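Fold and contact review
Chain by chain, the residues:
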Amino acid sequence: MPRGVVVEGPLVDAKFLDSRIAFVIMVTGSIAALIWAFTQGLGWVEISVFLGTFALSTVGIGFMHRYFVHRSFRCGPVMRTLCAMIATMAVQGSILKWVSNHRRHHLHADKPGDVHSPYYDGAGNQHVSFLKGMLHAQGGWVWDKQTTDPEVYAKDILADPIAMFFTRTRWYWVAASAVLIPGAIGYAFGGVHTMIGCVLFSGLLRSYLMTMATSLVNSVCHSDGRYGYRRYELNDGTTNELVTTFLTFGEGLHNNHHRFPRDAYLSHAWYEIDINGLIILGLGKLGLVHDIFLSPVSAAGAATSPNPIDVVAEDLDASSVR
Ligand SMILES: [Zn+2]
Ligand SMILES: [Zn+2]
């Protein structure tokens, strides 16, 4: 096993506890949400809250990925707190764990040691079939008896009091995102009946579906061109796939991303719509974030803007994700 992979002890036990709690909450909540939707129906409040919180979580994972993992831009403590809050409210585990896993993923992409590859399992063995590999990448990996050592992969997060505050208090933010906020909005706009619908459908089911959408990046966008297309011939199975790109606000441009891991804006063609990247560029224009890293390809696109932001062009390869 490569350095930084832990196969037993308290870190692995903690990972399993997190996986079990998240699985039980999201799956039982989602089943209850479907029963509720078919027996009680859904109104505009439940659907609006579903769409609003799905969008906010998707932006949150965009910040988790491009800011906390890849440092595509810099920002002050207020913006960092905001990024950390909505990243944690996306209900995909703590910042510390997400960052550690994703950096390990880039370092070993689709090779033994990758956290969630369609080609190798957590022990570094090849999957027996493509389908089994896809299921592993889509979510089975959270049950692997191994985890990532943050002391190896995320020393910067361990030293960041804001990211660590949200790491320690992550379950409160999960409760706020999946239960309290949807419930409060539902109660305010429609009373107790709408509140229950909002918690089940717009909170718990949305958390599950949003996590599954993000996971398409690990499965579909690592399918070696079976789904989507490869703009760059890299030593991994990465693919750009446009349905995943739509659902994840740009994260599905994953072949572009593995080519230029630190790039803040992943669109390399007019039909590659990168909403998360546009949000980062917009925040740059407003002066809320700065030192936005752009690859030469993205910098060329961003320079056509009538009011170009201050761009630091860098061409980083997968080994320089930190
Ligand atoms: Zn990847
Ligand atoms: Zn990445």
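What you see as residue numbers is a count from 1 along each chain, following the sequence as written. Going through the entries in the order they are written, you letter the chains from A and number the ligands from 1. For a predicted model such as this one, the threshold for reporting local features is a pLDDT of at least 70, and the threshold for listing and counting side-chain atom pairs is 80 or more; totals across whole chains, interfaces and linings nevertheless cover every residue. Side-chain calculation: all heavy atoms of the structure are included, whereas hydrogens and water are not.

Section: the overall build of the chain
- A count of helical and extended segments in the chain gives 13 helices and six strands.
- Taken against the 2.2 N^0.38 rule, which gives 20 Å for 322 residues, the C-alpha radius of gyration of the chain at 19 Å falls within 12% of a compact globule.
- Along the first, second and third principal axes, the C-alpha set of the chain runs to 55 × 50 × 40 Å.
- For the chain, buried positions account for 55% of its 322 residues.
- Any two residues having at least one pair of non-hydrogen atoms within 4.5 Å are treated as being in contact. Here the analysis covers contacts within the chain between residues at least 6 apart in sequence; of these, 68% occur between residues at least 24 apart.
- Per-residue and other accessible areas follow the Shrake-Rupley method at a 1.4 Å probe size, with only the shown protein chains counted as cover for residues. A total accessible area of about 14200 Å² is found for the chain, and carbon and sulfur atoms account for 68% of it.
- Averaging the positions of the 24 positive and the 25 negative side-chain charges in the chain gives two centres separated by 4 Å. By definition, any uninterrupted DSSP run of H or I lasting at least four residues is a helix, any uninterrupted run of E lasting at least two residues is a strand, and each is numbered from the N terminus. Atoms counted for the radius of gyration: C-alpha only. Globule rule: 2.2 Å times the number of residues to the power 0.38. Any residue under 20% of the maximum accessible area for its type is buried, any over 50% is exposed, and the rest in between are partly exposed; the area is computed with a 1.4 Å probe on protein chains only. His is not counted here, nor are the chain ends, while Lys and Arg score as positive and Asp and Glu score as negative. By convention, the point assigned to a charge is CZ for Arg, NZ for Lys, CD for Glu and CG for Asp.

Comments concerning the coordination of the zinc ion (ligand 1)
- For the zinc ion (ligand 1), every protein donor is listed as H105 (NE2), H222 (NE2), H254 (NE2) and H258 (NE2), and the spread of their distances is 2.0 to 2.2 Å.
- Metal-centred angles of 94 to 150° between the four donor atoms at the zinc ion (ligand 1) mark the site as irregular.
- The sequence pattern describing where the donors of the zinc ion (ligand 1) fall on their chain is H-x116-H-x31-H-x3-H.
- Distances up to 2.8 Å from the metal define which N, O and S atoms are donors, and 3.2 Å serves for Na, K and Ca; water is absent from the atom set, so sites may look incomplete. The distance between the zinc ion (ligand 1) and the zinc ion (ligand 2) comes to 5.9 Å. In this pair, H105 sits in helix α4 (residues 95-107) while H258 sits in helix α11 (residues 254-259), placing the two residues 153 residues apart along the sequence. Each member of the pair H105 and H258 is classed as buried. Just to be clear on the cut-offs, tetrahedral is four donors with all angles between 85 and 135 degrees, square planar is four donors and octahedral six with opposite donors over 155 degrees apart and all others between 65 and 115, and anything else goes down as irregular.

Focus on the side chain of T53
- Relative to the elements of secondary structure, T53 occurs in helix α2 (residues 44-69).
- Side-chain atoms alone can form a polar contact between residues adjacent in sequence; in general such a contact is a pair of N or O atoms within 3.5 Å, and within protein one must be able to donate a hydrogen while the other accepts it. Reaching out from T53, the side chain makes a polar contact with the backbone oxygen of V49 at a distance of 2.7 Å.
- Other than its neighbours up to four places away in sequence, T53 contacts S202 and R206.

What to know about the nonpolar core
- Nonpolar cores were defined as sets of buried Ala, Val, Leu, Ile, Met, Phe, Trp, Tyr and Cys residues, with membership established by side-chain atoms within 4.5 Å. F63, F68, F73, I95, I157 and I292 are the most contacted members of the largest nonpolar core, which has 47 residues in total.
- Top element by residues in this core is α2. It accounts for nine residues.
- Non-local contacts of F73, meaning those with residues more than four positions away in its chain, are made with F63, Y67, I280, V289, H290, D291, I292 and F293.

Some details on the pattern of salt bridges
- Just to be clear on terms, a salt bridge is a Lys or Arg side-chain nitrogen sitting within 4 Å of an Asp or Glu carboxyl oxygen. Enumeration over the complete set of coordinates arrives at twelve salt bridges.
- Across the pair R66 and D274 runs a salt bridge, and its minimum N-O distance is 2.9 Å. Here D274 lies in the loop between α11 and α12 (275-285) and R66 lies in helix α2, a separation of 208 residues in the sequence. For the pair shown, R66 and D274 are each scored as buried.

Re the UniProt feature "transmembrane region" (unreviewed entry) in the chain
- The positions that UniProt labels "transmembrane region" (unreviewed entry) are, in the present scheme, residues 21-38, 44-69 and 171-204.
- Within residues 21-38, the helical portion is 100% and the strand portion 0%, while the C-alpha atoms at the span's ends are 26 Å from each other.
- In residues 44-69, helix accounts for 100% and strand for 0%; the two terminal C-alpha atoms are 36 Å from one another. UniProt positions are given in the numbering used here, feature names are shortened, and annotations may be inferred rather than shown by experiment.

Structural notes on the coordination of the zinc ion (ligand 2)
- The protein atoms donating to the zinc ion (ligand 2) are H65 (NE2), H70 (NE2), H102 (NE2), H106 (NE2) and H257 (NE2), with metal-donor distances spanning 2.0 to 2.1 Å.
- Here the donor residues of the zinc ion (ligand 2) are spaced in sequence according to H-x4-H-x31-H-x3-H-x150-H.
- For H65, a relative accessible area of 4% puts it in the buried group.

Describing the environment of D144
- Locating D144 in the fold gives a position in the loop between α5 (130-138) and β3 (147-148).
- According to the relative accessible area criterion, D144 is buried, its value standing at 15%.
- Taking C-alpha positions, D144 is 32 Å from I181, a pair spaced 37 residues apart along the chain.
- Setting aside its immediate chain neighbours within four residues, D144 contacts K15, F16, V115, D121, G122 and H136.

Looking at a nonpolar patch on the surface
- Grouping into patches uses exposed residues only, defined as over 30% relative accessible area, and leaves out salt-bridged ones; the cut-off is 9 Å for like charges and 5 Å for nonpolar side chains (Val, Leu, Ile, Met, Phe, Trp, Tyr). On the surface, L17, I21, I25 and W171 cluster together into a nonpolar patch covering about 320 Å² of accessible area.
- No other element matches helix α1 (residues 10-40), which puts three residues into the nonpolar patch.
- Residue position: I21 is located in helix α1.

Digging into the environment of A14
- You can see A14 is positioned in helix α1.
- What makes A14 partly exposed here is its relative accessible area of 39%.
- With 133 residues separating them along the chain, A14 and T147 place their C-alpha atoms 9.5 Å apart.

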